[in-house]
Amino acid sequence: MLDLTWLLIAVPLASAFVLILAGKRADAWGHWMGVAASATAFVVGFGAFLQMLGLDAESREHAVHLFTWISGGELTVDAGLLVDPLSISFVLLVTFVGTLIHIYSVAYMEHDPRRRIFFAYLNLFVASMLLLVLADSYLLLFVGWEGVGLASYLLIGFWNHKPEYATAANKAFIVNRIGDIGLIIAMGLLFANFGTLSFDEIFAEVGSVDTAQLTAIGLALLVAATGKSAQFPLQSWLGDAMAGPTPVSALIHAATMVTAGVYLIVRSGDIFALTETARVVVAAVGAITLIMGAIIGMAKDDIKKALAASTMSQIGYMMLAAGLGPIGYAFAIFHLVTHGFFKAGMFLGAGSVMHAMNDSVDMRRYGALRTAMVVTWVTFGLGWLAILGVPPFSGFWSKDKIIEAAFVGEGWQPWVFGLAALIGAGLTAFYMSRLFFMTFHGKARWTDDAHPHESPWLMTGPMIVLSVGSALLGWFLASGDRFTTWLEPVTGHAEEHDPVLAVPVIMTLTLLLVAVGVVVAWLKYGRADVPEEAPAPSLGVLVASNDFYQDSFNRAVLQRPGTHLTRTLVYADAAVVDGAVNGTGVGLLKLGEFLRKFQSGQVRRYSALILIAVAALIAGVVLGVL
Amino acid sequence: MFTAPEISYMAFAPMIVVLLGGAAGVLVEAFIRTPATRRSVQLALTLVATVGALGVAVVQWATYSPDSAGVIGQTGYFVMDRQALAWQSMILIFGALSALLFAARTRAGESAFTPLGSAAPGSPEEAEAHRRGLEVTEVFPLMLFAVGGMMAFVSATDLIALFVALEVFSLPLYLMAALARRKRLLSEEGALKYFLLGAFSSAVFLFGAALLYGATASTGYGDILAYVLASPGDLTLIIPGAVLVLVGLLFKLGAVPFHTWSPDAYQGAPTPVTAFMAAATKAAAAAALLRIVYVALYPLEWELSWMIWTIAILTMAVGTIVALVQTDIKRMLAYSSVAHAGFILVAFAGFSAEALSAVPFYLLTYGIATIGAFAIITQVREKAADGTVGGEATRLGQWAGLGRRDPLLAGAMGLFLLSFAGIPLTAGFIGKFQVFAAAVDQGGWPIVLVAVLASAAAAFFYVRLIVLMFLTDVPEDQQESVEVDYHPYTRVVVWITAAATLLLGVLPAGALALASDAGTLLTGL
């Protein structure tokens, strides 16, 4: 099965092409073909996983050579797959959650005339994402990286007949370009220093390269990661990306694609291991984003945007963990996996609620939905408990480890990062509880035409499966350090270090803060009445609900000058460059008309011209010699 | 006392075949009286002579070793080396293609030539000749003599031999240029100017030769070189002599300011003759220039190079700029050929050895495209209101919409124009690249800069015609006034030249290898 991993990419990709090319005749069965392609990928991935379990820890890294991709001068790039515990973890997450979301989408998109195209894009995404995580070189990874970017763009703008959705797709695409430039620069630096782009060869030689170069590479990789994973300062696109259909938000903008940045950092762990500076910057970016995302999440009334802010914040946790070095890599991936389950589950829950509420996303018009939608309430509740980090649910096992790891170290770092992680947990508890209570508890504030009802089993089924994962996966993977041991061949073995605060103290503080967050949220949004219209916001709420005015900042500082620069250039091009060209042309034509007069048609003038020229030439040559 | 010269007949077989063919053609004129039969026989004879000579040349090419092999004939008057064979083959190819154009006719059965050259335009004699279906099939032997003269021209290594060859190929050209069927006065005027100025430049050439003889007591290239090398200080006669001789050759090449004959002659001459003249004369002139510069005059590089530079830059500039304002397609191509003469001279900058293979390749690409383009011009005809097809439609405006009328023909024309402009994937690009590389090789980058700028400006009028053919709507009143003619010979020439233009542009390796083999001159005469 390990050698068949190329099927993981080939099957969804082929399915995507068939779905696009087959046209309307595939409308009847296209969506099931999409589901089958994703499920096939899961079966192949699971088979590979089982085979890998049977191997020793040391021999779990398996290279699959596909073909020589680029052969030119100094640069030879083979297209190959790297199947190891890290990539197979991603494969299982992507294909399992992906397949569930495919099934969910069959019902969710039932009334959309372009459902077949939607599934083609979903399959394209799955293929690209798997290529991203299975690639054995930065260059091939980049192909997948761009592929998921394309799929994300296509799916955010899936309903592009609404101009603001199309704008949101453009925004995501353009912001991601900045990150992509980072990855391109990183590849350039890698090639300049190592003469290759393959993971194996780079990581084998990494010790022989100047630290400053490694720092530069690390920071360039971080730029790439912040773009793809919606981290500060490139996070602005994620909120708008919620314009896409909800299954897309669940799969791409919560569970998988947005975690690609974390994957990139962890995969490049050998590089970051040697550059303290880059690592601290990664951790700082993570810490800033996790607090920022949480604050934004507190102020959002749009259920999907609140969840998006939460995603940002949770990936901030992962990024923080990844920035801590080998000690945090495994926890970053661990949290990534559990988050993939509970956040996807909650997004599907949100989709189910929207389905029931005429596609409204305003939580102020929800409320008291627990009786109308029991399954959604229970499954969403399990996700809520998981993200809060309440034991024994999944989030507790992964997030608590990150908070503990953040407190490890010397000097100022453990205090800053540790406290950020700790406070973030309290904020998370508040805004997630606020979301949960506003939606499912309190009084019904429905609009008149809303008739909430439970969703069909095709939608609730995947939600139930994901909620089981939200509840139990963390405990299952954490018991006996199962997951960290499994990842050890890739992330390296981390020595145990004692945090600056005792572990029980940290745990108690965390749970205390979470409890406070939940209680405050209950008092404000569960027990008390929630106004149907948002009250006049305080300054803090205003700032947070406007995403810290980052869009305005970007517009004023980046876009306006950029626009002016382009306008000036266009003007200069028209006036100076075109003017010069046109002027030259006109001048030449005039010169031509003038020279034409010498062609008088009279032989005596021609011969005189020749005579003068001969005389001039002889005079010139003779004078030149003298 | 007279001693019979020693002639290596075998070495000169290609020339002999062609000249014998010409002589046989004269006999055909005398003995076959039916015009139609005579024409077929003449065409066959011309093709046999040129293709046969080409075959002989190819065999000889194979027998010479690449490094400076050859045969010195007649005590150094002519030399046969790979360079000479390459040029001769090229001229033979141009001759054979032109012969097909000579024989082509319109749908109405008209040839490109007047029925009776001696009749005054518009005279009763001319009308009578038209009525009786007379034809001047003499153009075929005339062309063979011209080809033979050019072949001698490219292998001459003696000023006297060079002059004789010059006159041998020039006189038939003067005649042929005057034989256009339509616009007779224009044709005769152009031919007369060509002849007068040609005579004038011959005089200049002879004056130079006399000065060189006066200085060195010899007309052989070897002796001139020996003299220059032996007494570098005493150049009082040598330098003016060299300048005058070069001017004589630059006249044939069509370099500014000795180009004034070419627009009139190109426009007035029957288009098949223009094609032959533009392609073959330029090749012969460039070859003779190469040989005299690289065999006899190269020690004078310091003294002569500024002259070459000045003339090259002038030629490129004037040719390009005046072509911009032309409204007649034949005149436009005439000025374009002037500009090309300038590009050819670029290769001489610094007297780089690369020029010996770059220039032949350039002329091959240029000549092929030129013959193709003029062949297409013969196919685009004016049509009168009563439906009779008249002369060639050479006003640029008349070419509007040709792309819709005959996409293939217009496409071939576009290809030739792109090749003239030196756009990649056409032969012209490779040719220009070779020539410019030869100049850069010897540090001549300033002149290459000018050449590149001139190419850019020249692209304007080439592309303008393409835009006209493909992207311009035909005005209503012109819809019916132009017709695309058809003759299989012409079309064969168009397809052969188009295929060669594409082939030399996409896969130039083989031809470049041949050109590189041709880059060896037999020296030490």
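Within each chain, residue numbers correspond to sequence positions counted from 1 in written order. Following the order in which they are written, the chains are lettered starting with A and the ligands numbered starting with 1. A pLDDT threshold of at least 70 governs which residues receive local features in this predicted model, and a stricter bar of 80 or more applies before side-chain atom pairs are shown or counted, although totals over entire chains, interfaces and linings include all residues.

Caption draft 1: Layout of the overall build of chain B. The helix count covers DSSP runs of H or I at least four residues long, the strand count covers runs of E at least two residues long, and both are numbered beginning at the N terminus. Helices and strands together make up the secondary structure of chain B, namely 20 helices and five strands. To sort residues by burial, count the other C-beta atoms lying within 10 Å of each one's C-beta; a count of 20 or more means buried, 12 or fewer means exposed, and anything in between means partly exposed. C-beta atoms are built from the backbone. Evaluated residue by residue, chain B yields a buried proportion of 59% over its 525 residues. We call two residues in contact whenever the C-beta atoms placed from their backbones are within 7 Å. Contacts spanning at least 24 positions in sequence make up 81% of the contacts within chain B whose residues lie at least 6 apart.

Caption draft 2: Here's a closer look at the interface of chain B and chain A. Across the contact, 27 residues belong to chain B and 23 residues belong to chain A. When residues of the side of chain B that touches chain A are traced back to their parent elements, those giving at least two are helix H7 (184-216), helix H9 (238-253), helix H10 (261-268) and helix H12 (301-324) of chain B. Residue polarity follows a fixed list, in which Ala, Val, Leu, Ile, Met, Phe, Trp, Tyr, Cys and Pro are nonpolar, Asp, Glu, Lys and Arg are charged, and the others, Gly among them, are polar. Of the residues in the side of chain B that touches chain A, the class split is 22 nonpolar, two polar and three charged.

Caption draft 3: Just the pairing of strand E3 (residues 380-383) of chain B, in detail. Residues and elements named next belong to chain B. At least two DSSP bridges between two strands are needed for those strands to be called paired. Both E3 and strand E5 (residues 482-484) contribute to a ladder of three bridges, which runs antiparallel. Along E5, the bridge assignment pairs Arg-381 with Glu-483. In the sheet, E3 pairs with strand E4 (residues 389-392) via two bridges, with the strands oriented antiparallel. Within the sheet, the bridge partner assigned to Lys-383 lies in E4 and is Val-389.

Caption draft 4: Spatial organisation of unusual backbone geometry. Residue and element names in this part refer to chain A. Here the residue pair Phe-232 and Pro-233 is connected by a cis peptide bond, since its omega of 5 degrees sits within 30 degrees of zero. As for its placement among the helices and strands, Pro-233 is situated in the loop between helix H8 (211-228) and helix H9 (236-240). Each neighbour pair has its own omega, and for Pro-391 with Pro-392 the value is 5 degrees, a cis peptide bond. Residue position: Pro-392 is located in the loop between helix H16 (374-388) and helix H17 (394-406). In this structure, Ala-230 is a non-glycine residue whose phi angle is positive, near 55 degrees. The residue Asp-359 is not glycine, and still its phi comes out positive at about 60 degrees. Note that Asp-359 resides in the loop between helix H15 (326-356) and H16. Taking the C-beta count within 10 Å as the criterion, Asp-359 has 9 such neighbours and is therefore assigned exposed.

Caption draft 5: Local environment of the packing of helix H16 (residues 407-421) of chain B against helix H18 (residues 445-471) of chain B. Residues and elements named next belong to chain B. A fitted line through C-alpha atoms serves as each axis, taken over the contacting stretch for helices, and the angle formed by two N-to-C directions is quoted from 0 to 180°. For the pair H16 and H18, the least separation of the axes is 9 Å and the interaxial angle reads 175 degrees. Classified by the angle between their axes, H16 and H18 sit roughly antiparallel to one another. Within the contact between the two elements, H16 uses Ala-410, Met-413, Gly-414, Leu-417, Leu-418, Phe-420 and Ala-421 and H18 uses Ser-455, Ala-458, Ala-459, Tyr-462, Val-463, Leu-465, Ile-466, Met-469 and Phe-470. Tallied by class, the residues present in the contact of H16 with H18 amount to 14 nonpolar, two polar and no charged. Angles are sorted into four bins: roughly parallel if under 35 degrees, roughly antiparallel if over 145, roughly perpendicular if 65 to 115, and oblique for all others.

Caption draft 6: Inspection of the packing of helix H10 (residues 246-255) of chain A against helix H14 (residues 303-323) of chain A at higher detail. Residue and element names in this part refer to chain A. Viewed as axis vectors pointing N to C, H10 and H14 meet at an angle of 10 degrees, and their least axial separation amounts to 11 Å. In terms of their interaxial angle, H10 and H14 are classed as roughly parallel. Facing H10, whose interface residues are Thr-246, Ser-249, His-253 and Ala-254, H14 presents Lys-304, Ala-308 and Thr-311. Residues that form the contact of H10 with H14 fall into these classes: two nonpolar, four polar and one charged.

Caption draft 7: Main features of the confidence of the model for chain B. All names here are of chain B. pLDDT: the predictor's confidence for each residue, scored from 0 to 100. The predicted model of chain B averages 89 in pLDDT, with 95% of residues at 70 or higher. For chain B, the element scoring lowest by mean pLDDT is strand E1 (residues 70-73), at 55; helix H5 (residues 139-155) scores highest, at 96. The ipTM value of the predicted complex is 0.89, and its pTM value is 0.63.

Caption draft 8: Here's a closer look at helix H13 (residues 276-299) of chain A. For H13 of chain A, which comprises 24 residues, the first-to-last C-alpha distance of 35 Å matches the rise-based estimate of 34 Å (1.5 Å per residue) to within 8%. Among the 24 residues of H13 of chain A, 17 are classified as buried, and the element is accordingly described as predominantly covered. In this scheme, a helix's expected span is set at 1.5 Å multiplied by one less than its residue total.

Caption draft 9: Local environment of the environment of Val-500 of chain A. Residues and elements named next belong to chain A. Counting through the fold element by element, Val-500 comes out in the loop between helix H20 (482-491) and helix H21 (503-527). For Val-500, a count of 16 C-beta atoms within 10 Å puts it in the partly exposed group. Separated by 82 residues in the primary sequence, Val-500 and Gly-418 have C-alpha atoms spaced 9.2 Å apart. Among all residues touching Val-500, those that are not within four sequence positions of it are Phe-407, Pro-414 and Trp-415.

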